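So you can see what is in the structure, the chains are spelled out below.
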Amino acid sequence: MKNGNKTVILKSSAIWGFIVVELIFFSVAGSFLSLSDKAFMDLNNMLLLFKQSAPIGIIAMGMTVIMINGNIDLSVGATFALAAIVLLDSLTWPIFAGIGDWVIPISWALALLTGVVVGALNGLIVWKTGVDAFIVTLGSMLGYRGLVFMYHGEQPTSHLNWTLVDFAEAHFLGIDTATWFLLLVTLVMWIVMRHTVHGRNAYAIGDNREAAVNAGIRVGPHMMINFMIIGFLAALSAVVFYSESGSVNPNDGELYELWTITAVVLGGTKLTGGAGSIISTFGGVLAIQLMRKGLVFLGAGTETVNLAIGLILIAVLFLDKQLNIKGKEALRI
Amino acid sequence: MTDQTPALRLEGIVKTFPGVRALDGVSFSVMPGEVHALMGENGAGKSTLMKVLGGIYRPDEGTIVVNEKPVAMTSPLEAKANGIMFIHQELSLAGELSVAENIYLGALPRKSFGRVDWKLLYDRTDAILSQLKVPFDARTLVGDLSIANQQMVEIARALTVDAKAVIFDEPTASLTDAEKVVLFDVIADLRESGVGIIYISHRMEEIFKMTDRISVLRDGQYRGTLVTAETNEDEVTQLMIGRSLDLSRNASTHEIGEVALEVQGLSCGDLFSDVSFEVRRGEVVGFYGLVGAGRTEIAETLFGLREPTAGTILLDGKPTRINSPADAISRGISLVPEDRKGQGLVLGMNCRDNMTLPQVADLTSGPFVSNGAEVAIFDQYRDRLDIRTPGWKQMVGNLSGGNQQKIVIGKWLSMHPSVLIVDEPTRGIDVGSKSEIHNLIRDLAAHGYAVIVISSEMPEVLHVSDRIIAMYHGKIMRTFTAETVREDNLIQAISGISPEAA
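Keep in mind it's a predicted model, so treat the numbers as computed, not measured.

Colleague: For this particular structure, what's the right way to read the pairing of strand β21 (residues 467-472) of chain B?
Modeller: Regular strands place side chains that alternate from one sheet face to the opposite one. All names here are of chain B. Extensive coverage of β21 is indicated by the burial of five of its six residues. The pairing of strand β13 (residues 284-289) with β21 spans five bridges and is parallel. Directly across from Phe287, in β21, lies its bridge partner Ile469. Where β21 lies against strand β22 (residues 475-481), six bridges are found, and the strand directions are antiparallel. Bridged to Arg467 within β22 is Thr481. In this structure, the hairpin formed by β21 and β22 is closed by a connection of two residues, where His473 is found at a positive phi of approximately 50°.

Put into structure tokens, the structure is as follows:
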């Protein structure tokens, strides 16, 4: 849809170039510095990388859509935790006691429904009040997190269902369940954004809202659908993750909104809306996880990792800006 | 004038961009106390030349000479330091700051400890404003001023430095006729004081009224300088586009049909009141009036963007409520808005996606948008409207103004509307494309569309309309037919002079 423009191609391939640089760097540096005798680009290590990318990655796909549409959602971390609690707690509800493992799809559905409902609430408020999505979701971030604490106080909510754990730890064609979910979500969202009316209109609204209104596009419903999508995906991310871990702390999912936004922005999606791509966000997610794993592989601690990712985020956006300035000059004749 | 040294001289300016020679050896000079018009179609290189002058682009070759001193224009600050000031088409003022703060932005007078010397600031500003005879003072918030008065603030800013040359870029684009008179007085005063003025405009009347000489650019090349008093519009136009132009009125040859749209007693708060008119199929009705007369607001009401406070809208004789643009579109009303880039186009999208934007929901196979159906529509209207673009993948932001406008018009034609409202159809569009758009509007009427044209340019309204509705302060003053309209009557009507009084 947007490849009529050279700078767009350049921008969307920038993240993949960056990933290649990371791979080479960590492989080479790893062979000198790492305490491990395994190679960095070991197959198992790479499969694990995808699996570990899944929780943030699944949400980041929703964040891409939200940001292309010109909004932002800060409440995804809280939604993630809330859906996780609904998932784990509902597994133990007495009314489902008699149905054995059939409780699993019900709990999944309840958790996903939670995500859709809180997302719809965000969307509805943004639509009907006209208050900026940043403010609305800042409020709902605090509110939903409050709900999480109201559930069990500071206590973790735990329940291990072994059927569920088996499913989450299963491999299909050698690839982890979580990775399959990430790939599937990426594919579906890519199709939605590129080939459906909703996707097209989301781009138009994000780029020039007034022109979209003048073309008869109803902006509100599209925004609300996008908030429902991201709510659903935040819940799906929780479902995938907590099916395996079986225990949720009330602080889980904190800063997820910032990590997803980082991945999305790293992938080249504009904060101002109208431009961006699902595939590039996928690249952004991988790039962050690679950086994390790579630095740990070299023996760095979490604090170093965060510092490095922060610096790289700024460096990449600076580069992006330079590319854009050149592009602009060349086009403005 | 000949024995003076030029205030500003350009010698052989060359600027290339990848694949394009945007400026190809441009030379001309501006004398002190001269108003020098710079003309050329869009894309001729005027904007690039101004960016070179303003220190935004560096020329590949050539020199800029200010008062016989070659200057390396490396930054906008450098341009200002050399006394070259710009009055931009798009104003760059901070609306939340006062007039004085805007004028001295970046150079506020200081007292000790870096405190702003407010008294000195306001005094100096008021001194400058009194030269300009403007109806506001130094403490007024810029956001509260009309566009015309904001422009005066920019001019005042140019007066704070010892300006050698002031460049006006389409200064009258959003001014009413009365406001233009004020602006022209100010420009005349500047000329008296010995400043060299470069005046960029598409409007011939202004050029011939205001300027001493006219330099023309075409395709990045300097095409010559004419002395205004010794030339005429045809000669300038030919120099600009290499052919002559017929701006006379095309008489309607086709049948005027049934009433498509009728409006009875339509009001919307203070914006307009008790407006009644009808538009027939095959007819172009022109709305002429000053900015703020309520013309755009009527269009917005018909298109569902505003809620009327009274009155009825009848489509094909049936009363209709229009609550949203989606409503208007489904009932066959389309609006080509005034601000093409801000309200009409999604600049980050390609030509095809822009054209199919309102109907993309109908161009699906299963859940997916059908690429083939979209391209078919684009191809059809590209051919019909003669839109010049390398292909549908071209970003719409890269097209010229005329072609952009055709994309917007094509977008609506492909929806098969019955009523087409075109607000300022040729704003910011070059001369050649202008007449194409005019012919297109006439052609649409001939094909049975009911067309409303809103315009602030009298020649345009006279040229395209079958009937002209003159508005003043939210009211319809008079309706003219193309056969009986006289320019003086029209001007009186939009100035609030009723026919009985005149």
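Colleague: So what exactly am I meant to see when it comes to empty space enclosed by the protein here?
Modeller: In this approach the atoms are scanned with a rolling probe the size of a water molecule, which exposes any empty space left behind. All names here are of chain B. Using the criterion set out here, one finds six cavities of 30 Å³ or more in the structure. Forming the walls of the largest cavity are eleven residues, and the residues nearest its centre are Glu170, His202, Arg203, Gly428 and Glu457. Counting residues domain by domain, the lining of the largest cavity receives three or more from each of domain 1 (8-241) and domain 2 (259-494).

Colleague: Just to check I follow, could you spell out the packing of aromatic side chains for this structure?
Modeller: When we look at a pair of aromatic rings, we describe it by the centre distance and by the angle of the planes. A full pass over the atoms with the stated rule returns twelve aromatic pairs over all chains. Their ring planes at 70° and their centres at 5.3 Å tell us that A:Phe25 and A:Phe26 sit as a pair that is edge-to-face. Taking the relative accessible area as the measure of exposure, A:Phe25 reaches 48% and is therefore partly exposed. Given a relative accessible area of 2%, A:Phe26 falls into the buried group. Where B:Trp118 meets B:Tyr122, the ring centres are 5.9 Å apart and the plane angle is 25°; that geometry is what we call stacked. Of this pair, B:Trp118 and B:Tyr122 both sit in helix α4 (residues 118-132), four residues apart, roughly one helical turn. An aromatic cluster is present here, built from A:Phe80, A:Phe241, A:Tyr242 and A:Tyr256 joined pairwise through their rings.

Colleague: How do you make sense of the domain arrangement of chain B when you look at a structure like this?
Modeller: Many analyses report the size of an interface as the accessible area lost when the parts associate. All names here are of chain B. When the domains of chain B are assigned, the result is domain 1 (8-241) and domain 2 (259-494). Computed over C-alpha atoms, the centres of domain 1 and domain 2 are 33 Å apart. In this assembly, eleven residues from domain 1 lie in contact with 13 residues from domain 2. Summing both sides of the interface, domain 1 and domain 2 together bury roughly 1000 Å²; the carbon and sulfur share of this comes to 55%. Here domain 1 and domain 2 share zero salt bridges between them.

Colleague: Can you walk me through a negative patch on the surface in this structure?
Modeller: On the surface, a cluster of negative charge is made up of B:Glu205, B:Glu233, B:Asp234 and B:Glu487. Secondary-structure assignment places B:Glu205 in helix α7 (residues 204-210).

Colleague: So what exactly am I meant to see when it comes to the sheet that holds β21(B) here?
Modeller: Sheet strands associate in pairs through backbone hydrogen bonding, adopting either a parallel or an antiparallel arrangement. Residues and elements named next belong to chain B. What the six strands build is an open sheet, ordered β16-β19-β20-β13-β21-β22; its pairing is mixed. Both outer strands of the open sheet, β16 (333-336) and β22, are each paired with one neighbouring strand and no more. On average, adjacent strands in this sheet sit at an angle of 20° to one another, irrespective of strand direction. Across five bridges, β13 lies against strand β20 (residues 450-455) in parallel orientation. What sits directly across from Phe287, in β20, is Ile454. With respect to the sheet, helix α14 (residues 401-413) is in contact with β16 and β19 (419-423), its orientation differing from that of β16 by roughly 175°. Sheet contacts for helix α15 (residues 431-446): β13, β19 and β20; angle to β20, the most-contacted strand, approximately 155°.

Colleague: Would you mind showing me how to read the environment of A:Gly253 here?
Modeller: Mapped onto the fold, A:Gly253 is located in the loop between β4 (247-248) and α11 (256-266). With 52 residues separating them along the chain, A:Gly253 and A:Val305 place their C-alpha atoms 18 Å apart.

Colleague: How do you make sense of the layout of surface pockets when you look at a structure like this?
Modeller: Residues and elements named next belong to chain B. Space inside the second largest pocket adds up to approximately 850 Å³. Considering the residues around the second largest pocket, the lining is formed by 32 residues, among which Arg203, Met204, Glu205, Glu457 and Pro459 are closest to the centre. Elements represented by at least two residues in the lining of the second largest pocket include exactly α6 (177-192), α7, α8 (233-241), α15, α16 (458-464) and α17 (487-494). When grouped by side-chain class, the residues that make up the lining of the second largest pocket number 14 nonpolar, six polar and twelve charged. Two domains each provide a minimum of three residues to the lining of the second largest pocket, namely domain 1 (8-241) and domain 2 (259-494).

Conventions adopted
- Counting starts from 1 at the beginning of each chain's written sequence and moves along it residue by residue.
- Starting at A for chains and at 1 for ligands, labels are handed out in the order in which the entities are written.
- In keeping with the model being predicted, local features are shown solely for residues with a pLDDT of at least 70 and side-chain atom pairs are shown and tallied solely at 80 or more, while totals for entire chains, interfaces and linings include all residues.
- Side-chain measures were taken over the full set of non-hydrogen atoms in the model, leaving aside hydrogen atoms and water.
- Exposure classes here rest on a 1.4 Å probe applied to the protein chains alone. A residue is buried below 20% of its type maximum, exposed above 50%, and partly exposed in between.
- What counts as a helix is a DSSP run of H or I of at least four residues, what counts as a strand is a run of E of at least two, and both are numbered from the N terminus.
- A pair of strands is considered paired only if DSSP assigns at least 2 bridges between the two.
- The distinction between a cavity and a pocket rests on a 1 Å grid over the protein atoms alone: a 1.4 Å probe fits inside a cavity but cannot get out, while a pocket stays open yet meets protein on both sides within 12 Å along at least five of seven lines, and a residue with an atom within 4 Å of a point counts as lining.
- Grid points are joined across faces, edges and corners, and a volume is the space filled by probe spheres set on the points.
- The domain limits used here are those given by an automatic or database domain assignment.
- Between 30 and 60 degrees the pair is tilted, below 30 it is stacked and above 60 it is edge-to-face, where a pair is any two Phe, Tyr or Trp rings, Trp via its six-membered ring, whose centres lie within 6.5 Å.
- Contacts are assigned to residue pairs with any non-hydrogen atoms lying within 4.5 Å of each other.
- Buried area is calculated as the accessible area (1.4 Å probe) missing from two parts once they are joined, with the contributions of both summed.
- Counted as salt bridges are all cases of a side-chain nitrogen of Lys or Arg within 4 Å of a carboxyl oxygen of Asp or Glu.
- To count toward a patch, a residue needs a relative accessible area above 30% and no salt bridge. Like charges then connect within 9 Å, nonpolar side chains (Val, Leu, Ile, Met, Phe, Trp, Tyr) within 5 Å.
- The Shrake-Rupley method, run with a 1.4 Å probe sphere, supplies the accessible areas, and residue values consider only the shown protein chains as cover.
- The convention is simple: Lys and Arg are positive, Asp and Glu are negative, and His and the chain ends are not counted.
- Each charge is placed at NZ for Lys, CZ for Arg, CG for Asp and CD for Glu.
- Lines fitted to C-alpha atoms define the axes here, with helix axes fitted over just the stretch in contact, and angles between the N-to-C directions of these axes take values from 0 to 180 degrees.
- Classification convention: Asp, Glu, Lys, Arg as charged; Ala, Val, Leu, Ile, Met, Phe, Trp, Tyr, Cys, Pro as nonpolar; all other residues, Gly among them, as polar.

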